[in-house]
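# Fold and contact review
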Amino acid sequence: MRFIDTKLYMKERLPMLKKMNIYLILKFVCGAAVVITSLLSFAYPGNNRLSSLCTLLLFSLMLLFSGLSELKANRKTYAIVSFCVSLFTVIAFLVTLLFRKG
């Protein structure tokens, strides 16, 4: 049986956690929330307007944080693409919020 030295393990993993900035962490949190709200809307089908709106809003926030993370890492092309897709999902969120009946 092999035992793992937890201090050594954490010492190796700590630099990886230091490399993660706040935008990357928020991107993963929003991504997990998008998955959960999508699963809830599929698990309980019907007229779940609130669930689809939350999914759109969280998805746009995830893309916004992804763009900020890419901008901080000096990858401007990916940041611009993320910002454009985030803007598109915000527009889809607003159109769904304002014009969808039922």
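Residue positions within a chain follow its written sequence, with the count starting from 1. Residue-level local features of this predicted model are given only where pLDDT is at least 70; pairs of side-chain atoms are given and counted only at 80 or more, and the full residue set underlies all totals for whole chains, interfaces and linings. With hydrogens and water stripped out, all remaining heavy atoms of the structure feed into the side-chain values.

Turning our attention to the overall build of the chain. Secondary structure summary: the chain contains four helices and zero strands in total. Going residue by residue from the N terminus, the α and β elements of the chain occur as α-α-α-α. With 102 residues in all, the chain has 24% of them scored as buried. Any two residues whose heavy atoms approach within 4.5 Å are treated as being in contact. Considering only contacts in the chain between residues 6 or more positions apart, those separated by 24 or more positions represent 63%. Accessible surface is estimated by sampling points in the Shrake-Rupley manner with a 1.4 Å probe; for residues, cover comes only from the protein chains shown. Total accessible area computed for the chain in this model is approximately 7900 Å², and 73% of it derives from carbon and sulfur atoms. Working definition: helices are DSSP H or I runs of at least four residues, strands are E runs of at least two. Numbering for both runs from the N terminus. Buried residues are those whose accessible area, probed at 1.4 Å on protein chains only, stays under 20% of the maximum for their type, while exposed residues exceed 50% and partly exposed ones sit between those limits.

Its place among the elements puts Lys27 in helix H2 (residues 22-43). The side chain of Lys27 is buried and forms no salt bridge, while Glu70, the nearest opposite charge, is found at 5.1 Å. Other than its neighbours up to four places away in sequence, Lys27 contacts Met62, Phe65 and Ser66. Two residue types count as positive, namely Lys and Arg, and two as negative, namely Asp and Glu; His and chain ends fall outside the count. Just to be clear on terms, a salt bridge is a Lys or Arg side-chain nitrogen sitting within 4 Å of an Asp or Glu carboxyl oxygen.

Next up on the list: the packing of aromatic side chains. Between 30 and 60 degrees the pair is tilted, below 30 it is stacked and above 60 it is edge-to-face, where a pair is any two Phe, Tyr or Trp rings, Trp via its six-membered ring, whose centres lie within 6.5 Å. The tally for this structure, following the rule as stated, stands at zero aromatic pairs. A ring is considered to have a charge above it if a Lys NZ or an Arg CZ atom is located within 6 Å of its centre and within 35 degrees of its normal. The ring of Phe28 is capped by Lys27, whose NZ or CZ atom sits 5.4 Å from the centre of that ring.

As a further point, take the packing of helix H3 (residues 49-72) against helix H4 (residues 76-99). To obtain an axis, a line is fitted to C-alpha atoms, over the contacting stretch when the element is a helix, and the angle between two such axes runs from 0 to 180 degrees between their N-to-C directions. H4 packs onto H3 with a crossing angle of 160 degrees between their chain directions and a minimal axis gap of 8 Å. Accordingly, the angle class assigned to the pair H3 and H4 is roughly antiparallel. As H3 runs across H4, the sense of the crossing is left-handed. Ten residues, namely Ala, Val, Leu, Ile, Met, Phe, Trp, Tyr, Cys and Pro, are considered nonpolar, four, namely Asp, Glu, Lys and Arg, are considered charged, and the remaining ones, Gly among them, are considered polar. Classifying every residue of the contact of H3 with H4 by side-chain character gives 17 nonpolar, seven polar and three charged. Just so you know how the angles are binned, under 35 degrees is roughly parallel, over 145 roughly antiparallel, 65 to 115 roughly perpendicular, and the rest oblique. Two helices cross in a left-handed way if the nearer one is turned anticlockwise from the farther one by less than a right angle. They cross in a right-handed way if the turn is clockwise.

All right, on to the packing of H2 against H3 then. Viewed as axis vectors pointing N to C, H2 and H3 meet at an angle of 160 degrees, and their least axial separation amounts to 8 Å. When the interaxial angle is binned, H2 and H3 end up roughly antiparallel. Between H2 and H3 lies a crossing whose hand is left-handed. Here H2 contributes Tyr23, Leu24, Leu26, Lys27, Cys30, Gly31, Ala33, Val34, Thr37, Ser38 and Ser41 to the contact with H3, which in turn contributes Ser51, Cys54, Thr55, Leu58, Phe59, Leu61, Met62, Phe65, Ser66, Leu68, Ser69 and Lys72. Classifying every residue of the contact of H2 with H3 by side-chain character gives 13 nonpolar, eight polar and two charged.

This next bit is on H2. Expected span of a helix, by definition, is 1.5 Å for each gap between consecutive residues, and there is one gap fewer than residues. Between its terminal C-alpha atoms H2 stretches 31 Å, which fits the 32 Å expected from 22 residues at 1.5 Å a residue. Buried residues along H2 sit against H3.

Regions with low pLDDT carry predicted coordinates that are not meant to be interpreted in detail. Known as pLDDT, the predictor's confidence for each residue is given on a scale from 0 to 100. Scored by pLDDT, the chain has a mean of 81; 78% of the residues are at 70 or more. Confidence scores differ between elements of the chain, with helix H1 (residues 6-19) showing the lowest mean pLDDT of 58 and H4 the highest of 92.

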